[in-house]
Structures are given as C-alpha cells and as structure tokens.
Amino acid sequence: MKAALEYVTPFELLAMRNLLGFLALAVLWGPKLCKRANNRDAFIDAYTMLAGVVLGAALVAGLALQVVGLQTTTSVKAGFISGLYVIFTPFVAIPVLDRQPSLAVILSAIAATVGLFLLTVGDVKGISSVSLGDVLNVGAAVSFAVHVALTGKYAPRCDYKRLCLVEAFVKALAFSPALLRLDLEIVLVSKVAVAVLVTGLGATALGLAVQTWAQRRVSAPATAVIFSSEPAFAGLFGLLLLGESLSTRGLLGAGILLIAIVVAARHSSEDTLSAPA
C-alpha cells in the first residue's frame, strides 16, 4: 500500500479500493438477490437500507479523518491512536446495544491497547507531543468504534449480504469524487494495481463481508479486540516475507495482543447470549 501512495493520493486509493470492493460484492451477490426480488422478496427493505447507510457513513468518517490526520502526524502514532477504537468499543456498545460487556472482554480491550502501544509506538517519547493529526485520528478511532458497535446491533437483524451491499455502495459513492482527477494510466502501474486488488478484494469486500457475518455471532467488543491483531500479523508477514525484524517490545506487544484476542473470543459468547431480543 505504501508503494502505491507514491503514485496516487490516499483518497484516490480509497476511492479505487472501495469501488472495486462494491463491484465485487455486487457481481457475487447481486444476481441471486435480484432473483429473490422477482419472487416477491424485497431486494432491500427500508430497515436494511437505513442500517447500511449509517454503517457506511461511520466508516467513511473514520477513514477520511484517518487520511487527513496522517498529513500532520506520523504513521506510527496514527496507527496506535486509530487502534484505540479497541478500548472505545466496549463503552460505545453500552448505549448502542443496551448491554454491559463482560469484565473479561473489557480487560482484554485494555490489554490489547497496551499490546498495540508496545507494537507500534514502543515508548512514551513516540507520543509525547500532540498535533491536529492526532486529534483527528482520535475522531477516527471513535468512528470505527461506533461502526463496530452499530454492526453488532444491525447485523443480527438484517440479511448480511444486503447490508454489506448498501454499506459498500455508500463508501464507494462517498469517495468517488477523488476519481475525477485520477490519471487512468497510473492505475495500470503494477504497484498501484496490486494495492487496489489486494485492498479492494481483501480488505474491503472480503473484510466487510466477514465482519458483518461474524458480528451476528460475536459481540462488538470482542470483534474490536480480534481486529486489533492486524498490526501483529502485519509484523509477522513482514518478518517472514520481507526479512523485517521486530524489537523485543514489539514481540511482547504482539504476544499480549494475541492473548487478549484468545480471551476475548472465549468470553464473547457471554455478551452475545446476554443480548436483548
């Protein structure tokens, strides 16, 4: 992804990956959903439409704040601060889902935040000064927490395929103005094409589908803890494939993250089973 940003702006990359993600989901699910609609089953009901728009708007807000914030802060600080949605989600879930997350999941969220700090920042010197970008990334973290919590509310009540389609369309539409200035020849550059394919099909289409499907069964706080593993796996792949290295603090942080994920996953059923009907 870093290599692609040498040729396109962050918003252009967001626009391309979200457009590709939506088109992939539309091709995969659209024909079957249209067939059901012809059999008197509504293509998308009003509740699913509203839920998808709200979820899409929350993600758009988070991604936009993150991209703008990156212009006045470091990528390391941005990665850690944005990752604070792990600690925000259990508390956002209280008013959104009208239930208290289990103590084990809350402690897992705190542990995951510590692990994320060790993995991405390392020491307090890395976050000693506060910039506008840092503040914007806090806003991004709140937006991501709201998205995870609201997905936990809407996913069990909607057909997840229809919900994903609406959400993906909202994101693609919101970032589409960035495509107006895009040079089509740049899209054919291998680094850009690979980044768009990987993030569009993997992170946007597959990631959105898996999250929406999974949150019908896993609580929102536990989902946030599990998602916090991204930096750990990124470091692992960098270690194995690119010959990069992790510091002792980084390894400790990754270990704490993975333990927090296991604990949160084991106790997520407590939150799910206690959910109101």
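All figures in this text were calculated on a predicted structure; none of them were measured in a lab.

The rules we used
- Residues numbered from 1 in each chain as written.
- Predicted model: local features only at pLDDT ≥ 70, side-chain atom pairs only at ≥ 80, totals over all residues.
- Heavy atoms only, no water.
- Helix = DSSP H or I, 4+ residues; strand = E, 2+ residues; numbered from the N terminus.
- Buried < 20%, exposed > 50% of the residue type's maximum accessible area, 1.4 Å probe, protein only.
- Contact = heavy atoms within 4.5 Å.
- Areas by Shrake-Rupley, 256 points an atom, 1.4 Å probe, with all protein chains shown as cover.
- Lys, Arg positive; Asp, Glu negative; His and termini not counted.
- Salt bridge = Lys/Arg side-chain N within 4 Å of Asp/Glu carboxyl O.
- Polar contact = N/O pair within 3.5 Å; in protein donor to acceptor, adjacent residues only side chain to side chain.
- Axes fitted to C-alpha atoms, helices over the stretch in contact; angles between N-to-C directions.
- Parallel < 35°, antiparallel > 145°, perpendicular 65-115°, else oblique.
- Left-handed = near helix turned anticlockwise from the far one by under 90°.
- Core = buried A, V, L, I, M, F, W, Y, C linked by side-chain atoms within 4.5 Å.

K.L.:
It is not clear to me how the overall build of the protein chain should be interpreted in this structure. Could you clarify?
P.N.:
Looking only at helices and strands, the protein chain has twelve helices and zero strands in total. Along the protein chain, from the amino end to the carboxyl end, the secondary structure elements read α-α-α-α-α-α-α-α-α-α-α-α. Counting all 277 residues of the protein chain, 45% fall into the buried class. Taking contacts inside the protein chain between residues at least 6 apart in sequence as the whole, the part at least 24 apart equals 89%. Of the roughly 14000 Å² of accessible surface on the protein chain, a fraction of 69% belongs to carbon and sulfur atoms.

K.L.:
Is there a simple way to explain the side chain of Glu 167 in this structure?
P.N.:
Looking at the element boundaries, Glu 167 is found in helix 7 (residues 160-175). No salt bridge is formed by the buried Glu 167, whose closest oppositely charged neighbour, Lys 171, lies at an N-O distance of 5.7 Å. Within the local environment of Glu 167, its side chain forms a polar contact with the side chain of His 147, the two groups lying 2.5 Å apart. Discounting chain neighbours no more than four positions away, the residues touching Glu 167 are Gly 52, Leu 55, Gly 56, Leu 59, His 147, Leu 208 and Thr 212.

K.L.:
Would you mind showing me how to read the packing of helix 2 (residues 46-69) against helix 7 here?
P.N.:
In helix packing, the relevant descriptors are the interaxial angle and the interaxial distance, both defined with respect to the helix axes. Contact pair helix 2 / helix 7: the axes reach a minimum separation of 8 Å and the direction vectors enclose 45°. By the angle class used here, helix 2 and helix 7 are oblique. Crossing angle aside, the handedness with which helix 2 passes helix 7 is right-handed. Taken together, the residues of helix 7 that come into contact with helix 2 (itself represented by Thr 48, Met 49, Ala 51, Gly 52, Val 53, Leu 55, Gly 56, Ala 57, Leu 59, Val 60, Leu 63 and Ala 64) are Arg 162, Leu 163, Val 166, Glu 167, Val 170, Lys 171, Ala 174 and Phe 175.

K.L.:
Whenever I open this one, the environment of Ser 108 confuses me. Can you help?
P.N.:
Mapping Ser 108 onto the fold places it in helix 5 (residues 103-120). On the basis of relative accessibility, which here comes to 4%, the residue Ser 108 falls in the buried class. Ser 108 sits 149 residues away from Leu 257 along the chain, and the two C-alpha atoms are 8.6 Å apart. Among residues more than four places away in sequence, those in contact with Ser 108 are Val 225, Ala 260, Val 263 and Ala 264.

K.L.:
Explain the pattern of salt bridges to me, please; I cannot follow it from the model alone.
P.N.:
Side-chain pairing between opposite charges can occur once the charged atoms of the two side chains come close. Scanning the entire structure with this criterion turns up one salt bridge. Across the pair Arg 162 and Asp 159 runs a salt bridge whose closest N-O atoms are separated by 3.6 Å. Accessibility expressed as a relative area gives 5% for Arg 162, which makes it buried.

K.L.:
Please explain the environment of Ala 145 as it appears in this structure.
P.N.:
By secondary structure assignment, the location of Ala 145 is in helix 6 (residues 132-154). As for Ala 145 and Ala 220, which are separated by 75 residues in sequence, their C-alpha atoms are 8.8 Å apart. Apart from residues no more than four positions distant in its own chain, Ala 145 is found in contact with Tyr 85, Phe 88, Thr 89 and Val 92.

K.L.:
What exactly am I supposed to notice about the nonpolar core here?
P.N.:
Across soluble globular proteins, you tend to see nonpolar side chains buried next to one another. Counting residues in hydrophobic clusters, the biggest one holds 36 residues, and the most contacted among them are Tyr 85 and Val 225. If you list the elements that add at least two residues to this core, you get helix 1 (10-38), helix 2, helix 3 (75-82), helix 4 (85-97), helix 5, helix 6, helix 10 (220-227) and helix 12 (248-273). Sequence-distant contacts of Val 225, defined by excluding residues within four places in its chain, comprise Val 86, Val 105, Ser 108, Ala 109, Ala 112, Ala 260, Ile 261 and Ala 264. Judged by nonpolar contacts, the second largest core, of twelve residues, contains Phe 22, Trp 29, Tyr 160 and Ala 205.

So far we have only geometry, and geometry alone does not tell us how the molecule works.
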